[in-house]
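Structure assessment
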Amino acid sequence: VLLDYIYSISGYIEHGFKRGTNVLKIPTANLNVDQEYILPKTGVYAGMVLLENQFYKAMINIGTNPTFNNQHLTIEAHILYFDEDIYGQKIRFFFYDRIRDEMKFHSIDELKNQLLRDIQYVDQLNFDECLLKNTRNIFVEVNVERLIKSKNHFGDTENLMNVEWLDYISNNNELFQFFCSLIET
């Protein structure tokens, strides 16, 4: 685990270059993410995605796809055992473990073979213990939008949106209970 909790980012699925589906035969969900997020280092990650209240294992890439000489940073996930059209849907990517740096391969076949090894690595991971350990933090993080949209019960809510907001909410039992009551309504 990268931090004391599972770092995540959310956004909407957008169309990408379609190379994952058409060229590599390893489709990816491309995340249109708010520019205000602090992103993990570029590279390939083992993680999960949360889509319509369901968790799925995922191999996540943050980078420019150097084998294809892209200039634009992309965030995309190959969702294991998943084959549905999810364009435009809201999704959350959870970063569990950094697998490797992003790298330029000499051929498409070399890239595809490495991606298949990365997927195999993700598939063998057991996220259950991690999910159980971090359920409280995941719950808070997934629902933080409702906290910010709520009436300004906490005074300056922007103070909660710094690097320590998740720990602050999770470790303050009274605040956490109030937050839970907001989610339930």
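Quick look at the structure, then. (Residues numbered from 1 in each chain as written. Predicted model: local features only at pLDDT ≥ 70, side-chain atom pairs only at ≥ 80, totals over all residues. Heavy atoms only, no water.)

**Looking at the overall build of the protein**
Inclusion rule: Secondary structure elements follow DSSP: runs of H or I no shorter than four residues count as helices, runs of E no shorter than two count as strands, and numbering proceeds from the N terminus. Working definition: with a 1.4 Å probe on protein chains only, accessible area under 20% of the residue-type maximum means buried, over 50% means exposed, and in between means partly exposed. Residues count as neighbours in contact if any of their non-hydrogen atoms are within 4.5 Å of one another. Here the open area of atoms and residues is found with the Shrake-Rupley method and a 1.4 Å probe, where only the protein chains shown may cover a residue.
Looking only at helices and strands, one finds six helices and six strands in the protein. Across the protein, helices and strands are ordered from the amino to the carboxyl terminus as β-α-β-β-β-β-β-α-α-α-α-α. Taken over 185 residues, the protein has a buried fraction of 46%. Across the protein, contacts joining residues at least 24 apart in sequence account for 69% of those joining residues at least 6 apart. Total accessible area computed for the protein in this model is approximately 10900 Å², and 49% of it derives from carbon and sulfur atoms.

**Some thoughts on the environment of Asn 70**
Spelled out, the test is: Counting of polar contacts relies on pairs of N or O atoms within 3.5 Å, with two restrictions inside protein: one atom must be capable of donating a hydrogen and the other of accepting it, and residues adjacent in sequence are counted only when both atoms are side-chain atoms.
The topology assignment puts Asn 70 in the loop between strand S4 (54-63) and strand S5 (74-79). Setting aside residues up to four positions removed in sequence, Asn 70 forms contacts with Phe 17, Arg 19, Thr 64 and Asn 65. Polar side-chain contacts of Asn 70 include one of 3.4 Å to the backbone oxygen of Thr 64. A distance of 3.1 Å separates a polar atom in the side chain of Asn 70 from a polar atom in the side chain of Asn 65.

**Considerations on the sheet that holds S5**
Operational definition: The pairing criterion is simple: DSSP has to find at least two bridges between the two strands. Each axis is a line fitted through C-alpha atoms, taken for helices only over the stretch in contact, and angles between the N-to-C directions span 0 to 180 degrees.
Taken together, six strands build a closed barrel; the order of strands is S1-S2-S5-S4-S3-S6 and the barrel is antiparallel. Along the sheet, successive strands turn relative to each other by an average axial angle of 45°, direction set aside. Sheet analysis places S4 next to S5, joined by six bridges and oriented antiparallel. When the sheet's bridge partners are listed, Ile 62 is paired in S5 with Ile 75. Along the sheet face, helix H2 (residues 108-124) touches strand S3 (43-51), S4, S5 and strand S6 (90-100) and points at about 145° away from the line of S4.

**Topic: the environment of Ile 6**
Within the secondary structure, Ile 6 sits in the segment before strand S1 (7-14). On the basis of relative accessibility, which here comes to 1%, the residue Ile 6 falls in the buried class. On a C-alpha basis, the gap between Ile 6 and Asp 97 in space is 9.2 Å, while along the polypeptide they are 91 residues apart.

**Topic: empty space enclosed by the protein**
Quick reminder of the rule: Definitions used throughout: a 1 Å grid over protein atoms alone; a cavity as a set of points that fits a 1.4 Å probe which cannot get out; a pocket as an open set with protein on both sides within 12 Å along at least five of seven lines; a lining residue as one with an atom within 4 Å of a point. Grid points are joined across faces, edges and corners, and a volume is the space filled by probe spheres set on the points.
All chains considered together, the criterion is met by one cavity of 30 Å³ or more. Of the voids in this model, the largest cavity is the one considered here, and its volume is about 410 Å³. Going through the elements one at a time, helix H1 (19-22), S4, S5 and H2 are the ones with two or more residues in the lining of the largest cavity. With four residues, S5 is the single largest residue contributor to the lining of the largest cavity.

**Concerning H2**
Note the cut-off: Expected span, for any helix, means 1.5 Å times one less than how many residues it has.
Helix length check: H2 (17 residues) gives 25 Å between terminal C-alpha atoms against 24 Å at 1.5 Å per residue, within 8%. Buried residues in H2 make contact with S3, S4, S5 and S6.

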